Each structure stands twice: as C-alpha cells, then as structure tokens.
Amino acid sequence: MKRLAILLSLLLPLAACVGGKSSDKAEVETAEKVLIQVVTTAAPASSAKYIAVCAMTYTSQEEVKTLSANEANPVNRETVEIVRQIISRPNVISCIDGLGFGVPEL
C-alpha cells in the first residue's frame, strides 16, 4: 500500500499536464471523472480511480477535450473506445500493473 501511495503522489501532478501540454484544470478533472465512470463498468470502483490516474497521465489534450465533452453521456461507444485506446498503451499498462491492478477489459 505504501508503494501505491508513493506512485500516486508522483503521478497526480503529471495528470494536470496531459500529453506534455497544460490543459484546463476543470477540463482535465471532468475527463478524469468520465474515464472513471467508463472504467467502473469493467473494474471495481475502488481501483477505477487509480487506473484513471495512470490513464490520465498518458492522455492527449484532444482526448481530454473529447472525454470532457462527453460528460453528459459518459458511457457511449465513442467514449468507451477512447478509454480502451488509452488504457491499452504500454505506459498505462505498466502503470496499472505497477499498482497491482489488472487492466480492465472494456
């Protein structure tokens, strides 16, 4: 659990700087909420937040905009596909594995 806390403390600041570019904080927070909702359809809610932190660290500005735009209807085909693409990236998989969670199958 200590390892998880250390890793998350390192990742959280990175999530605000998505894809190497600064993003609107509210937009990033909304995108993360949407990502959590999608991940929760395939993973326990207790791990979805941590999986989302890993995913948001490697999410592009365009993906953030698309995810946040789908806030009203987060579990639609387009959003699920975007989340599926994000969590299938090698860096995201490594991050999720490092936390001790399996990568959810959406």
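Summarised in this report is the structure supplied together with it. Source: prediction; values computed, not measured. (Residues numbered from 1 in each chain as written. Predicted model: local features only at pLDDT ≥ 70, side-chain atom pairs only at ≥ 80, totals over all residues. Heavy atoms only, no water.)

### What about helix α3 (residues 45-57)?
With 13 residues, α3 ought to run about 18 Å at 1.5 Å a step, and its terminal C-alpha atoms sit 19 Å apart, in line with that. Looking at α3, one finds that the buried residues are Ser47, Ala48, Ile51, Ala52, Val53, Cys54, Ala55, Met56 and Thr57. (Helix = DSSP H or I, 4+ residues; strand = E, 2+ residues; numbered from the N terminus. Expected span 1.5 Å × (residues − 1). Buried < 20%, exposed > 50% of the residue type's maximum accessible area, 1.4 Å probe, protein only.)

### Examining the pattern of salt bridges
Evaluation of the coordinates by the stated rule reveals two salt bridges. Two residues, arginine 84 and glutamate 81, come together in a salt bridge whose shortest N-O distance is 2.6 Å. One end of the pair, arginine 84, and the other, glutamate 81, are both in helix α5 (residues 77-87), three residues apart, so they sit about a helical turn from each other. Of the residues examined, glutamate 81 reaches a relative accessible area of 31% and is grouped as partly exposed. (Salt bridge = Lys/Arg side-chain N within 4 Å of Asp/Glu carboxyl O.)

### Some details on the state of the cysteines
What the rule picks out here adds up to one disulfide. The residue that forms a disulfide with cysteine 54 is cysteine 95, at a sulfur-sulfur distance of 2.0 Å. Handedness of the cysteine 54-cysteine 95 disulfide follows from its S-S torsion of about -70°: it is left-handed. Of the two residues, cysteine 54 is situated in helix α3 and cysteine 95 in helix α6 (residues 90-99); the sequence distance between them amounts to 41 residues. (Disulfide = S-S within 2.5 Å.)

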